[in-house]
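What the coordinates show
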Amino acid sequence: MRLRNIPRAESVLNECKEVVKNVSDCRGRWKDVFGNLNPVHIEIGMGKGQFLLTLAMQNPDVNYIGIERYSSVLLRAVESLNETRAIPDMKTAYSNLRFICMDARSLTEAFAPGEADRIYLNFSDPWPKARHAERRLTSRTFLARYHEILADMGAIEFKTDNRLLFDFSVAEVNASSDFMINGCTYDLHNDSRMNQGNIMTEYEEKFSSLGNPICKLVAQKI
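We now turn to the structure provided with this report.

Rules and cut-offs
- Residues numbered from 1 in each chain as written.
- Predicted model: local features only at pLDDT ≥ 70, side-chain atom pairs only at ≥ 80, totals over all residues.
- Heavy atoms only, no water.
- Helix = DSSP H or I, 4+ residues; strand = E, 2+ residues; numbered from the N terminus.
- Rg over C-alpha atoms; globule rule 2.2 N^0.38 Å.
- Buried < 20%, exposed > 50% of the residue type's maximum accessible area, 1.4 Å probe, protein only.
- Pairing = 2+ DSSP bridges.
- Axes fitted to C-alpha atoms, helices over the stretch in contact; angles between N-to-C directions.
- Salt bridge = Lys/Arg side-chain N within 4 Å of Asp/Glu carboxyl O.
- Contact = heavy atoms within 4.5 Å.
- Right-handed = clockwise from strand over helix to strand, strands pointing away.
- 1 Å grid on protein atoms, 1.4 Å probe; cavity = no way out; pocket = protein on both sides within 12 Å on 5 of 7 lines; lining within 4 Å.
- Points joined across faces, edges and corners; volume = space filled by probe spheres on them.
- Nonpolar A, V, L, I, M, F, W, Y, C, P; charged D, E, K, R; others polar.
- Polar contact = N/O pair within 3.5 Å; in protein donor to acceptor, adjacent residues only side chain to side chain.
- Arc of directions from axis to C-beta.

Counting its regular elements, the chain contains nine helices and seven strands. For the chain, the C-alpha radius of gyration of 17 Å lies close to 17 Å, the compact-globule estimate for 222 residues. Taking the principal axes of the C-alpha coordinates as reference, the chain spans close to 45 × 40 × 35 Å. Counting the 222 residues in the chain, one finds 51% classified as buried.

With that out of the way, let us pick up the sheet that holds strand β2 (residues 63-68). With respect to topology, seven strands assemble into an open sheet ordered β3-β2-β1-β4-β5-β7-β6, the strand pairing being mixed. At either margin of the open sheet sits one strand with a lone partner, and together these are β3 (97-101) and β6 (179-185). With strand direction ignored, the average angle separating the axes of adjacent strands in the sheet is 20 degrees. Here strand β4 (residues 116-122) pairs with strand β5 (residues 150-160) via six bridges, running parallel. Counted as the bridge partner of A116 is L150 from β5.

Summed over all chains, the structure comprises 12 salt bridges. Among the salt bridges present, the one from R105 reaches D103, with a minimum N-O distance of 2.9 Å. Residue classification places R105 among the partly exposed positions, given a relative accessible area of 49%. E157 is the salt-bridge partner of K216, the closest N and O atoms lying 3.2 Å from each other. One end of the pair, K216, is in strand β7 (residues 215-221); the other, E157, is in strand β5, and 59 residues separate them in sequence. Here the two residues K216 and E157 agree in accessibility, since each one is buried.

The next subject is the environment of N63. Here N63 shows up in strand β2. In this structure N63 comes out as buried when scored by relative accessible area, which is 0%. Residues in contact with N63, not counting those within four places in the same chain, are F34, N36, N38, P39, V40, H41 and N96.

β5 sits mainly inside the fold: nine of its 11 residues count as buried. A crossover connection joins β4 to the parallel β5 through helix α7 (residues 140-149); in handedness this β-α-β unit is right-handed. With six bridges joining them, β5 and β7 adopt antiparallel strand pairing. Within β7, the position partnered with A155 by the bridge is Q220.

Next up on the list: the layout of surface pockets. By volume, the second largest pocket is sized at about 270 Å³. As for the second largest pocket, its lining consists of 17 residues, of which E157, Q196, G197, N198 and K216 are closest to the centre. Mapped by element, the contributors of at least two residues to the lining of the second largest pocket are α4 (50-58), β4, β5 and β7. Classifying every residue of the lining of the second largest pocket gives six nonpolar, six polar and five charged.

So, about unusual backbone geometry. Within the chain, Y94 stands out as a residue other than glycine whose phi angle is a positive 70 degrees. Examined against the element boundaries, Y94 turns out to sit in the loop between α5 (71-85) and β3.

Our focus in this paragraph is the side chain of E18. Topologically, E18 is positioned in the loop between α1 (9-15) and α2 (23-26). Within polar-contact distance, the side chain of E18 engages the side chain of K17 at 2.7 Å. Contact partners of E18, with chain neighbours within four places excluded, come to L81, R85, Y94, L97, R98 and F99.

Because an α-helix completes one turn every 3.6 residues, residues spaced three or four positions apart along the sequence face the same direction. Where α7 is concerned, the buried positions are F142, L143, R145, Y146 and I149. Buried positions in α7, seen along its axis, are confined to an arc of 160 degrees and lie on one side of it. On its buried face, α7 is in contact with β1 (40-44), α6 (107-110), β4, β5, α8 (163-175) and β6.

Written as structure tokens, this is what we have:
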């Protein structure tokens, strides 16, 4: 669901150096943007950014890019980043983090073939109506886009509490010749193997506190 327009969002995003403005200019040269040869991990639909900020802090040898469609949502992640940087000794943190305000349908315009190593999809919009199935971020339409930008042996990690969306996603991956499932659980927090090292998102904390089981799959590029 689209949030209401927040007038100050555009100015805040323009002032944030982590927000990439000319995305097409970075296609094929994200290693130059970050200034290193570290792997590139992308989160599509990053919300308030808790998941990605935590990963970026824990793994300084990985470059992280958060994609959010609406400036009003991305604003929250930028504000979270700014709040963290206000803490003493944190002013230079997150050099391995970038944000993009972009529709995920434009992924191949922002990333060259093989340029990403991992894609995270966390609690994506389920688009429940059948006629909107192709808009789901785990549809075969999107899987084809992911396959193009992922490196060999690259992977997708998908989490949701929506069982119907998860069943749809499992079926889409199984029907695809581009990916294979190498991890799948219908109760992440009670699966010791799949839950190892798990970073919870804001939605994950909310839904799991209500007793909703969290589903997760990992699909690897073939």
